[in-house]
Amino acid sequence: MGLDRPSWDEYFMALAEVVSRRATCVRRGVGALLVRDRRILATGYNGAPTGLQHCGQAGCMREQMNVPSGQRHELCRGLHAEQNAIIQAALHGTSVRDSVLYVTHQPCVVCAKMLVNAQIKEIVFAGDYPDELSRYILEEAGINLRRVPNEGGRE
């Protein structure tokens, strides 16, 4: 009697999707996991910093200013899921060097630069993000970028 078990990629991507449900961004919910040796090191989702009003309460300045997705990242009160995962690991003294990032969407260029310096070795993602510079930087840094099918995740 065989079990229908998910692959490791399917398992971690499903968990990233669950993490994304905690996102407080009104435009896009993103979830991220940092994994090494098939062990979860940290998770993160996108939203306002701890203790600050969520975007649903304060309003989304990006929507108010009609800022297109993938541009002007500094015009946002929130942090990205990848940033929050790195910060959570740092807060708890966990090195993320040589880990794999599972994330619901391709990282932006700001996150890509952080992931390069955090020495992430691979990024597995499902959804696209309109940022070609991000892909270029990750490829130049030698970080393996791998897209897997999205199993019903929210855009």
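These numbers come from a predicted model, not from an experiment. (Residues numbered from 1 in each chain as written. Predicted model: local features only at pLDDT ≥ 70, side-chain atom pairs only at ≥ 80, totals over all residues. Heavy atoms only, no water.)

## With respect to the overall build of the protein chain
Next, step 1: If you tally the helices and strands in the protein chain, you get 6 helices and 5 strands.
Next, step 2: Listing every helix and strand of the protein chain by position from the N terminus yields α-β-β-α-α-α-β-α-β-α-β.
Next, step 3: Relative to the compact-globule value of 15 Å for 155 residues, the protein chain shows a C-alpha radius of gyration of 15 Å, a close match.
Next, step 4: Along the first, second and third principal axes, the C-alpha set of the protein chain runs to 55 × 35 × 30 Å.
Next, step 5: Each of the 155 residues in the protein chain was classed as buried or not, and the buried ones make up 44%.
Next, step 6: With the model as given, the accessible surface of the protein chain reaches about 8900 Å², and the carbon-plus-sulfur share is 49%. (Helix = DSSP H or I, 4+ residues; strand = E, 2+ residues; numbered from the N terminus. Rg over C-alpha atoms; globule rule 2.2 N^0.38 Å. Buried < 20%, exposed > 50% of the residue type's maximum accessible area, 1.4 Å probe, protein only. Areas by Shrake-Rupley, 256 points an atom, 1.4 Å probe, with all protein chains shown as cover.)

## Concerning the nonpolar core
Nonpolar side chains in soluble globular proteins generally cluster together in the buried interior.
Next, step 1: Residues Leu34, Val96, Leu101, Val103, Leu115, Ile120 and Ile123 are the most contacted members of the largest nonpolar core, which totals 19 residues.
Next, step 2: For this core, the elements supplying multiple residues, two or more each, are strand S1 (31-36), helix H4 (81-91), strand S3 (100-105), helix H5 (109-117) and strand S4 (122-127).
Next, step 3: In terms of residue count, H4 provides more of this core than any other element does, 4 residues in total.
Next, step 4: With near-sequence residues (within four places) excluded, Val103 lies in contact with Met13, Val30, Gly31, Ala32, Glu82, Ile123, Val124, Phe125 and Ala126. (Core = buried A, V, L, I, M, F, W, Y, C linked by side-chain atoms within 4.5 Å. Contact = heavy atoms within 4.5 Å.)

## Re the environment of Pro49
Next, step 1: Inspection of the secondary structure puts Pro49 in the loop between strand S2 (39-45) and helix H2 (55-58).
Next, step 2: Sequence spacing of Pro49 and Asn84 is 35 residues, and the spatial spacing of their C-alpha atoms is 9.0 Å.

## Regarding H5
In an α-helix, one turn spans 3.6 residues; hence positions three or four apart end up facing the same way.
Next, step 1: All buried positions along H5 are accounted for by Val109, Cys111, Ala112 and Leu115. One side of H5 holds all its buried residues, which, seen down the axis, span an arc of 155 degrees.
Next, step 2: Buried residues in H5 make contact with H4, S3, S4 and helix H6 (132-140). (Arc of directions from axis to C-beta.)

## Some details on the sheet that holds S1
Next, step 1: Across the sheet, 5 strands lie side by side as S2-S1-S3-S4-S5; this open sheet has mixed pairing. With partners counted over all chains shown, the strands left at the sheet margins are S2 and strand S5 (144-147), one partner each. On average, adjacent strands in this sheet sit at an angle of 20 degrees to one another, irrespective of strand direction.
Next, step 2: Here 4 bridges tie S1 to S3, and the two strands are oriented antiparallel to one another. Within S3, the residue paired with Ala32 across the bridge is Val103. (Pairing = 2+ DSSP bridges. Axes fitted to C-alpha atoms, helices over the stretch in contact; angles between N-to-C directions.)

## Things to note about the environment of Arg27
Next, step 1: Take Arg27: it is sitting in the loop between helix H1 (8-20) and S1.
Next, step 2: When its relative accessible area of 32% is taken as the criterion, Arg27 is described as partly exposed.
Next, step 3: In the structure, Arg27 is positioned 52 residues away from Leu79 in sequence and 13 Å away in space, judged by C-alpha atoms.
Next, step 4: Here the side chain of Arg27 touches Val67 through a polar contact of 2.9 Å, landing on its backbone oxygen. (Polar contact = N/O pair within 3.5 Å; in protein donor to acceptor, adjacent residues only side chain to side chain.)

## Considering the pattern of salt bridges
Next, step 1: With the rule as written, the count across this model stands at 6 salt bridges.
Next, step 2: Between Glu74 and Arg72 there is a salt bridge, with its nearest N and O atoms 2.5 Å apart.
Next, step 3: With relative accessibility at 51%, the residue Glu74 sits in the exposed group.
Next, step 4: The class of Arg72 is partly exposed, set by a relative accessible area of 46%.
Next, step 5: Arg146 is paired through a salt bridge with Glu122; the nearest N and O atoms lie 2.9 Å apart. Of the two residues, Arg146 sits in strand S5 while Glu122 sits in strand S4, which places them 24 residues apart along the sequence.
Next, step 6: By relative accessible area, Glu122 is classed as buried at 15%. (Salt bridge = Lys/Arg side-chain N within 4 Å of Asp/Glu carboxyl O.)

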